[in-house]
Amino acid sequence: MSEIPVYQNYINGEFQAESASYIDVTNPADGALLSRVPNASVADVERAISAAKAAQQGWAATPAIERAQYLHQIADKLRQNVDRLASIITQEQGKILPLATVEVNFTADYLDYMAGWARRIEGDIITSDRPGENIFLFRKPLGVVAGILPWNFPFFLIARKMAPALVTGNTIVIKPSEETPNNCFEFTRLLDEIGLPNGVFNVVCGTGQQVGEALTSSSKVDMISFTGSVATGSAIMASAAPNVTKLNLELGGKAPAIVLEDADLDLAVAAIKASRVINTGQVCNCAERIYVHASVADTFISKLSEAMKATRFGNPMTDKDLEMGPLINQASLDKVVHMVETAKREGAEVVTGGKVADLGSGFHYEPTVLTGCHSGMEIMKKEIFGPVLPVQIVDSLEEAVELANASEYGLTSSVYTQNLSMAMRAINLLDYGETYINRENFEAMQGFHAGTRKSGIGGADGKYGLYEYTRTHVAYIQS
Ligand code: NAD
């Protein structure tokens, strides 16, 4: 039997010799022990922040195009190791191997994409009110970024935070989720091989209460870039408040999918199913609730139920040709069970699924469609984060939009119609960060991923995501 790996924190360009305490990481498909990872002490976190602080000025003084070369080199390393990395992600997170492979390749592409901004970081020169004066707006790095990651796309999220941070001249301390840290340590091993200057990239692993709190309350951290739940986002805001630390928060979602009377129903079913079974429904922008026009409701629900029922799921390391794996842990499975049972008590009807799938081991829930749902139900309001689609019947686009907007979340939304003016009307009315028309919910790296209301503050990706990692310094020059 091969030995269980024991990973160590990465501080100032070195893997540490040991940690005072460790956390066990297990496979959600079969419960097998995969690794032991550090639960870093507050002193470890402080050393990582100090290393990042000490490295930052030198890193910022390095030409952006040289900083970008490091990102390209990491991207190359990831591509050379794609199968091994995908398998590590699948083992600890439970997503199917093809999706983990997409995640690794997308991460490499993202590093290259953000590196491509190196020669395009621009300031402005503004006309002054005074004769002989010029006003210059410089874009400068913020300093030290703390990147706190969730478990659902753990590998990609490393790059989503470190690539824009590093190319703009910041240094970073990453805290992976304690559920899925192995891929982050493997990423770091590859990064270590390329000789990035010490302190530019650091990893401290551990619980949110200990390591997360130490990062977010530090006066030496200049920006907290967090992806995770609303509850943790709020806790981070409170922790960051005394130091007035800049926040970038990518939080939860409750994406509405609106199916209008003229929709291509086969396309709508395929796209909504794809948006729901991807990563077993554990994606912030997944279709989480459906509003379907009454005139097509019966046909749509029957097609959707057939499609969901046919979903192939199981253990992604042993079963072939799957569409989804298990949920991440027992707590997530319990939450899905609780939400479906509550919906049933509140009057929802199970058309397909509606129960735990007993595959011998793993946290599997059957792909589920619920009808008879209405806006008062918990399942139409709270994030499910599992393979469950509740459906509510509506009589118009306006009714659907009103229900869609009456949510504490405002991340993504989707609309299925063949009528361009209805699509434009929906975009005008939907109070959301993103709207997908006639396609599954999945953002592009050159777009801007951001939500309204409790879905977050600021955003990621593209030019605007890059500039989140900068501040503006204005100089008034009188000649
Ligand atoms: P989570 O909030 O439980 O944990 C996220 C991270 O925060 C983990 O690393 C955790 O250790 C850390 N953490 C926990 N408590 C902390 C504290 N007090 N201070 C600092 N850090 C703390 O989220 P999760 O369960 O890992 O991820 C699922 C959630 O993430 C869902 O709500 C999902 O919608 C959201 N999400 C959002 C996006 C987006 O782009 N908007 C993307 C992926 C996931």
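Residues numbered from 1 in each chain as written. Predicted model: local features only at pLDDT ≥ 70, side-chain atom pairs only at ≥ 80, totals over all residues. Heavy atoms only, no water.

Participant: What's the story with the overall build of the protein chain in this structure? I'm lost.
Facilitator: Of the regular secondary structure elements, the protein chain holds 14 helices and 24 strands. Whereas a compact globule of 479 residues would reach a radius of gyration of roughly 23 Å, the protein chain reaches 23 Å, a difference of no more than 12%. The C-alpha extent of the protein chain, read off along each of the three principal axes, is 70 × 70 × 40 Å. Burial statistics for the protein chain: of 479 residues in total, 57% are counted as buried. When contacts within the protein chain are restricted to residue pairs at least 6 apart in sequence, those whose partners lie at least 24 apart make up 72%. When the accessible surface of the protein chain is split by element, carbon and sulfur atoms take 51% of a total near 19000 Å². (Helix = DSSP H or I, 4+ residues; strand = E, 2+ residues; numbered from the N terminus. Rg over C-alpha atoms; globule rule 2.2 N^0.38 Å. Buried < 20%, exposed > 50% of the residue type's maximum accessible area, 1.4 Å probe, protein only. Contact = heavy atoms within 4.5 Å. Areas by Shrake-Rupley, 256 points an atom, 1.4 Å probe, with all protein chains shown as cover.)

Participant: Looking at this model, I keep getting lost on the pattern of salt bridges. Mind explaining?
Facilitator: One side chain can pair with another of opposite charge once the charged atoms of both are near each other. Per the counting criterion, the structure on display carries 25 salt bridges. Between Arg36 and Asp24 there is a salt bridge, with its nearest N and O atoms 3.4 Å apart. One end of the pair, Arg36, is in strand 4 (residues 33–38); the other, Asp24, is in strand 3 (residues 22–26), with 12 residues separating them in the sequence. Among the salt bridges present, the one from Asp266 reaches Lys303, with a minimum N-O distance of 2.8 Å. Of this pair, Asp266 sits in helix 9 (residues 265–277) while Lys303 sits in helix 10 (residues 297–309), placing them 37 residues apart in sequence. If you follow the salt bridges from partner to partner, you end up with Asp76, Arg79, Asp109 and Asp112 in one network. (Salt bridge = Lys/Arg side-chain N within 4 Å of Asp/Glu carboxyl O.)

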